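Commentary on secondary and tertiary structure
Okay, here's what each chain looks like letter by letter:
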Amino acid sequence: MTDKPRVVILGGGFAGLGAAGKLKKAKAEVVLIDKHDYHTFQPMLYQVATNLIATEEVAHPLRDLARKLPNLLIHRATVTNIDLAKRELEFQEMAPLAYDYLVIALGAKVNFFGVKGAAEYAFPLYTLPDAVRLKYHILNKWDAADKDRSLIEDGALNIVVVGGGPTGVESAGALIELYRGNFIHDYRDMPAKDAKVTLVEFAPNIFSMFKEDIQKFGKRALEKRGVEVRLGEAVTEVTPTRVHLKSGEVLKAHTLVWGAGLQANPITKTLGIELQKGGRIPVGPDLSIAGHPEVFAVGDVAWMTDTNTDQVLPQLGGPALQAGELAGENIARDLKRKEREPFIYFDKGTMATIGRGAAVTQLPNGMTMKGKLAQFSWGFVHLWLLSGGDARTKTVIDWSWAGVSRKRIARVTIDPTEK
Ligand SMILES: Cc1cc2nc3c(=O)[nH]c(=O)nc-3n(C[C@H](O)[C@H](O)[C@H](O)COP(=O)(O)OP(=O)(O)OC[C@H]3O[C@@H](n4cnc5c(N)ncnc54)[C@H](O)[C@@H]3O)c2cc1C
């Protein structure tokens, strides 16, 4: 216990880490709490699911941070309630904690939009456990079909990916490369080239946030690699072995990857304030909650507006990191009795990768890049953003090896319950 004000940061994602970094020199006790003891680099989760890189490469120990930030304490605990009036937090595994300042950076979770069977049988790709679960599910399906060929006819190897945004497109692209580049050789006596990856998107195009040339390039690149792209179509029901579409068609597939939507962390409901679309917390220009200047909400959990453009910012890593940094800075400014700053987002562009040599980038001035150059920029930016030198080195080695050999070294099944 200290007599310094206590700043609690909930969530060790991009937004939480951004806030903690800016409080390094603040005269405050800073406490970062996350239900995991690692930071997850979500943009590369699909590479874990498709065996391109090892699990640890997208997870960085949060406690490493404490070495760099001397005023920071880290607890691994799950927050269950935020009491704005009492300025107190409740947790599943530890005693309640009071705060003077609070930064809510709890991210989002998948939204199944009430589709029947999706919560039970679909595979979301939002957390590291999600990626590991999908990876083992696919490896196990191929091994099961290897022993019982009747499963192939039943669709055991087919995958349906829902959602034509970056998560769905990147996942579909990586899955088809895993199938056509690796499994075709791994299971050479199976009809591996007949295994299907189908992308289902309700809108008339994929990549709706990008310009038309990128949308067309993305669709062509997926189809060239062997993905069947179904536009203007929606999933209405999921069972363990079938995917029902709005048109009435039923697809045989034992795997449905859900990349179709997000909602804010449900903890937001405990705040007792009016929430925005998707349960996101509305914040003012300084990123604090109306009537609670001591509470900030940042990143995917928040409904944040760029002060210059008045645009609501998308749930992406860039806005989360920059907003987290400003929340930390504004608390530090309060402690120095300086005026707070408004949030102005510095847009560095949006990028996504579809497969080897096929990435897309759209810069804020509208300029677009496609193909190998865009993939080079994608790789550079993602490596730069990856926390931790170790993870960066391992990823470079895995990517380089995969680039030369087309091998996916993480293609191994480890059962932790095996004795
Ligand atoms: C598959 C995928 C690909 C993506 N690709 C890109 C991309 O290419 N470019 C890009 O800019 N963005 C991308 N994004 C989006 C980007 O990753 C998110 O916008 C960003 O991670 C949001 O940061 P955040 O800090 O708000 O939330 P998060 O990173 O989700 O962090 C929230 C933290 O809160 C913790 N937490 C949650 N609930 C609790 C609780 N009850 N108690 C305690 N702790 C809790 C979690 O463990 C987590 O560490 C992608 C996202 C996904 C899922």
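Described below are features of the structure shown in this document. (Residues numbered from 1 in each chain as written. Predicted model: local features only at pLDDT ≥ 70, side-chain atom pairs only at ≥ 80, totals over all residues. Heavy atoms only, no water.)

**Considering the site of the ligand**
Rules: One heavy atom suffices: a residue is near a molecule or strand as soon as one of its heavy atoms comes within 4 Å of it. Pairs of N or O atoms are called polar contacts if they sit within 3.5 Å, as long as, within protein, a hydrogen donor faces a hydrogen acceptor (for residues adjacent in sequence, only side-chain-to-side-chain pairs). Here a helix means four or more residues in a row that DSSP labels H or I, a strand means two or more in a row labelled E, and each is numbered from the N terminus. Nonpolar residues are Ala, Val, Leu, Ile, Met, Phe, Trp, Tyr, Cys and Pro. Charged residues are Asp, Glu, Lys and Arg, and all others, Gly as well, are polar. Residue ranges assigned to the domains are those given by an automatic or database domain assignment.
As a structural note, the neighbourhood of the ligand is formed by 28 residues, with Ala15, Asp34, Gln42, Asn265 and Asp300 the closest of them. Contacts to the ligand include Gly317, whose backbone N or O atom sits 2.9 Å from an oxygen atom. Breaking the shell around the ligand down by element, the ones donating at least two residues are α1 (14-22) and α9 (317-335). Element by element, the count of residues in the shell around the ligand is highest for α9, at three residues. For the shell around the ligand, a count of residues per class yields eleven nonpolar, 14 polar and three charged. Mapping the shell around the ligand onto the domain boundaries places at least three of its residues in each of domain 1 (6-35 + 77-110 + 262-335) and domain 2 (118-260 + 350-405).

**As for the nonpolar core**
Our working rule: To qualify as a nonpolar core, a set must consist of buried Ala, Val, Leu, Ile, Met, Phe, Trp, Tyr and Cys residues joined through side-chain atoms within 4.5 Å. In this scheme, a residue with accessible area under 20% of its type's maximum is buried, one over 50% is exposed, and one in between is partly exposed, where area comes from a 1.4 Å probe on protein chains only. When checking whether two residues touch, look at their non-hydrogen atoms; a contact exists if any pair is within 4.5 Å.
Core analysis: the largest hydrophobic core is formed by 108 residues, its most contacted members being Ile82, Ile104 and Trp142. Residue contributions to this core reach at least three from each of two domains, namely domain 1 (6-35 + 77-110 + 262-335) and domain 2 (118-260 + 350-405). Among residues more than four places away in sequence, those in contact with Ile104 are Leu10, Ile82, Leu271, Ile281, Ile289, Val295, Phe296, Ala297, Val298 and Val301.

**Brief notes about empty space enclosed by the protein**
The condition that has to hold: Method remark: on a 1 Å grid restricted to protein atoms, a set of points is classed as a cavity if a 1.4 Å probe fits but cannot get out and as a pocket if it is open with protein on both sides within 12 Å along at least five of seven lines; lining residues have an atom within 4 Å of a point. Grid points are joined across faces, edges and corners, and a volume is the space filled by probe spheres set on the points.
Per the stated rule, a full pass over the model turns up one cavity of 30 Å³ or more. Volume-wise, the largest cavity comes out at about 30 Å³. Grouping the amino acids of the lining of the largest cavity by side-chain chemistry returns seven nonpolar, two polar and two charged.

**Regarding the packing of aromatic side chains**
Defined as follows: Any pair of Phe, Tyr and Trp rings, taking the six-membered ring for Trp, is counted once the centres come within 6.5 Å. Such a pair is stacked with planes under 30 degrees apart, edge-to-face with planes over 60 apart, and tilted for the rest.
The final tally for this structure, using the stated rule, is eight aromatic pairs. Ring centres 5.1 Å apart and planes at 40° place the aromatic pair Trp142 and Tyr187 in the tilted group. Highlighted residues: Trp142 in helix α5 (residues 128-147) and Tyr187 in the loop between α7 (166-186) and β13 (197-201), separated in sequence by 45 residues. Overall, the relative accessible area of 11% leaves Tyr187 in the buried class. Feature note: the residues Trp142, Tyr179, Phe183 and Tyr187 constitute an aromatic cluster, connected by ring pairs.

**Quick notes on the sheet that holds strand β18 (residues 255-258)**
The test is simple: In short, DSSP must find at least two bridges between two strands for them to pair. Here an angle of 0 to 180 degrees is reported between the N-to-C directions of two axes, which are lines fitted to C-alpha atoms, with helices fitted over the stretch in contact.
The strand order across the open sheet formed by five strands is β11-β18-β12-β13-β14, and the pairing between neighbours is parallel. Edge positions in the sheet fall to β11 (123-124) and β14 (228-231), since each has one partner strand and no second. Where β11 and β18 come together, two bridges link them in parallel fashion. Each residue of the ladder has a partner; that of Pro124, found in β18, is Trp258. Against the sheet, α5 contacts β11, β12 (159-162) and β18, and its axis sits at roughly 160° relative to β18. Helix-sheet contacts for α7 involve β12, β13 and β18, and the interaxial angle to β13 is about 170°.

**Focus on α5**
Side chains that are three or four residues apart share a direction in an α-helix, a result of its 3.6 residues per turn. To be explicit about the condition: What a helix is expected to span follows from its residue count: subtract one and scale by 1.5 Å.
Its 20 residues place the ends of α5 29 Å apart at the C-alpha level, agreeing with the 28 Å of an ideal helix rising 1.5 Å per residue. Burial in α5 covers these residues: Leu128, Asp130, Ala131, Leu134, Lys135, Tyr136, His137, Ile138, Leu139, Trp142 and Ala145.

**What to know about the environment of Leu363**
For Leu363, the location among the structural elements is in the loop between β25 (358-362) and β26 (368-371). The spacing of Leu363 and Gly114 is 249 residues in sequence and 35 Å in space, taken between C-alpha atoms. Setting aside residues no more than four positions away along its own chain, Leu363 makes contact with Lys348 and Gly349.

**Some points on the pattern of salt bridges**
Inclusion rule: The working definition used for a salt bridge is a side-chain nitrogen of Lys or Arg within 4 Å of a carboxyl oxygen of Asp or Glu.
A complete count under the given rule lists 20 salt bridges for this structure. The partner of Arg6 in a salt bridge is Glu29, with the nearest N and O atoms 3.2 Å apart. Here Arg6 is found in strand β1 (residues 6-10), whereas its partner Glu29 is found in strand β2 (residues 29-34), with 23 residues between them in sequence. Here Arg6 and Glu29 have matching classes, each one buried. Notably, a salt bridge pairs Asp334 with Arg340, separated by 2.5 Å at the nearest N-O pair. The structure contains a network of salt bridges with shared partners spanning Asp146, Arg149 and Asp189.

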